[in-house]
Amino acid sequence: DELTSNEIQTYLNSLRDYSNSYITKIHELIYTAFDNAQKKGYIIKNPMTDVIRPKSNKDDKEVRAMTIEEQQAFTNYLMSMPISLEPYKNVFLFQMFLGLRIGEALALKKTDINLQKNIVSVRRTLTVDKDRNLIVGNKTKTYCGKRDVPIPQFIRDSVIEQMKESDNNKDNLLFTSKNDTLVFTNNLVIKLSNACD
């Protein structure tokens with residue numbers, strides 16, 4: 001209750017060297033915290049009502065989806081590579097053809113695969129705990145994220161390959177690092193970028 005709008009504005013203005021998405025997240029977190037404090041009667045007025053979200057000094061990165069031709073070329077590349085040379089090839093296939101977020105794919109367990117029904121059950125995602133350690137969460141990113149996804153016939157062999165590959169993985173996870181630890185999503189983004197070059 002001692003924080004003022006000006007102090008919060010000064011703090012947010014100091015974040016201009018970060019991306020707009022980062023600034024937006026911080027702005028929303030602070031707003032929500034004060035909104036909850038107001039609802040619980042800890043403060044009379046939310047100081048965030050007078051705060052303007054600053055614009056980043058950085059240009060927004062252009063994000064675009066692969067074209068059909070690029071996706072086909074990438075799929076052909078992945079299907080032609082042995083898992084020993086492209087250990088995360090099946091993560092990329094799961095993402096493209098099952099419509100999974102990175103964290104959802106990396107949190108899959110062998111028990112989430114039902115080959116008889118030909119479905120993958122999405123029930124959790126990778127997240128971080130209060131100490132910023134990577135953990136497998138017990139729910140999906142959104143309520144609608146919990147779903148059963150049909151396995152396309154042409155990647156069924158890749159699903160089976162990954163199940164065999166993960167026989168001794170920690171916690172029965174389909175995808176782990178070489179050291180049998182959780183895979184950081186940023187590492188996978190870098191590998192995807194390198195594979196697409």
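Residues numbered from 1 in each chain as written. Predicted model: local features only at pLDDT ≥ 70, side-chain atom pairs only at ≥ 80, totals over all residues. Heavy atoms only, no water.

Undergrad: I'd like a rundown of the side chain of Thr125, residues and numbers included.
TA: Along the chain, Thr125 turns up in the loop between β2 (119-122) and β3 (126-128). Owing to a relative accessible area of 12%, Thr125 belongs among the buried residues under this scheme. Polar contacts involving the side chain of Thr125 include one to the main-chain amide nitrogen of Glu104, which spans 3.4 Å. (Helix = DSSP H or I, 4+ residues; strand = E, 2+ residues; numbered from the N terminus. Buried < 20%, exposed > 50% of the residue type's maximum accessible area, 1.4 Å probe, protein only. Polar contact = N/O pair within 3.5 Å; in protein donor to acceptor, adjacent residues only side chain to side chain.)

Undergrad: Give me the sheet that holds strand β1 (residues 113-114): which residues, what numbers.
TA: The strand order across the open sheet formed by 3 strands is β1-β2-β5, and the pairing between neighbours is antiparallel. Every other strand in the sheet has two partners, leaving β1 and β5 (147-150) as the edge strands with one partner each. One ladder, built from 4 bridges, connects β2 with β5; its direction is antiparallel. Bridged to Ser121 within β5 is Asp148. (Pairing = 2+ DSSP bridges.)

Undergrad: Which residues make up the confidence of the model for the protein, and what values do they have?
TA: Here the protein averages 88 in pLDDT, and 96% of its residues register 70 or above. Across the protein, the element-wise mean pLDDT spans from 76 in helix α7 (residues 185-196) up to 95 in β1. (pLDDT = per-residue confidence, 0-100.)

Undergrad: Can you tell me about the pattern of salt bridges, naming the residues and giving the values?
TA: Evaluation of the coordinates by the stated rule reveals 8 salt bridges. Ionic pairing is found between Lys39 and Asp35, a salt bridge with its closest N-O pair at 3.1 Å. With Lys39 and Asp35 both in helix α2 (residues 20-39) and 4 residues apart, the pair spans about one turn of that helix. When its relative accessible area of 65% is taken as the criterion, Lys39 is described as exposed. Lys110 is paired through a salt bridge with Asp167; the nearest N and O atoms lie 2.6 Å apart. (Salt bridge = Lys/Arg side-chain N within 4 Å of Asp/Glu carboxyl O.)

Undergrad: Account for the packing of aromatic side chains, naming residues and giving values.
TA: Tallying each qualifying case throughout the model produces 5 aromatic pairs. Between the aromatic rings of Phe74 and Tyr77, the centroid separation amounts to 6.4 Å while the plane-to-plane angle is 15°, which identifies the pairing as stacked. Here Phe74 pairs with Tyr77, and both are found in helix α3 (residues 68-80), just 3 residues apart, close to one helical turn. A relative accessible area of 6% places Phe74 in the buried class. Put simply, the rings of Phe74, Tyr77 and Phe92 touch in pairs and so form one group of aromatic residues. (Phe/Tyr/Trp six-rings, centres within 6.5 Å; stacked < 30°, edge-to-face > 60°.)

Undergrad: So, the layout of surface pockets: which residues are in play, and what are the values?
TA: Put simply, the largest pocket is a space of about 690 Å³. As for the largest pocket, its lining consists of 16 residues, of which Leu126, Thr127, Val128, Thr185 and Asn186 are closest to the centre. Taken together, the elements giving at least two residues each to the lining of the largest pocket come down to α5 (102-106), β3 and α7. For the lining of the largest pocket, the class distribution of residues is 6 nonpolar, 6 polar and 4 charged. (1 Å grid on protein atoms, 1.4 Å probe; cavity = no way out; pocket = protein on both sides within 12 Å on 5 of 7 lines; lining within 4 Å. Points joined across faces, edges and corners; volume = space filled by probe spheres on them. Nonpolar A, V, L, I, M, F, W, Y, C, P; charged D, E, K, R; others polar.)

Undergrad: I'd like to hear about the nonpolar core, residue by residue, with values.
TA: Among the nonpolar cores identified, the biggest contains 27 residues, and Val91, Phe94, Leu98, Leu100, Leu106, Ile113 and Leu174 are the most heavily contacted of them. For this core, the secondary structure elements donating two or more residues are α3, α4 (89-98), α5, β2, α6 (156-165) and α7. Ranked by residues supplied to this core, first place goes to α4 with 5 residues. Ignoring sequence-local partners within four residues, the contact set of Leu106 consists of Val91, Leu126, Leu173, Phe175, Val183, Thr185 and Leu188. Within the second largest apolar cluster, 11 residues are counted, among which are Ile8, Leu12, Leu15 and Ile43. (Core = buried A, V, L, I, M, F, W, Y, C linked by side-chain atoms within 4.5 Å. Contact = heavy atoms within 4.5 Å.)

Undergrad: Now, about helix α1 (residues 5-13): what can you tell me, with residues and values included?
TA: For α1, the complete set of buried residues consists of Ser5, Ile8, Gln9 and Leu12. End-on, the buried residues of α1 take up no more than an arc of 100°, which puts them together on one face. Among the exposed residues of α1, those pointing more than 90 degrees away from its buried face are Asn6 and Thr10. In this fold, the buried residues of α1 make contact with α2. (Arc of directions from axis to C-beta.)

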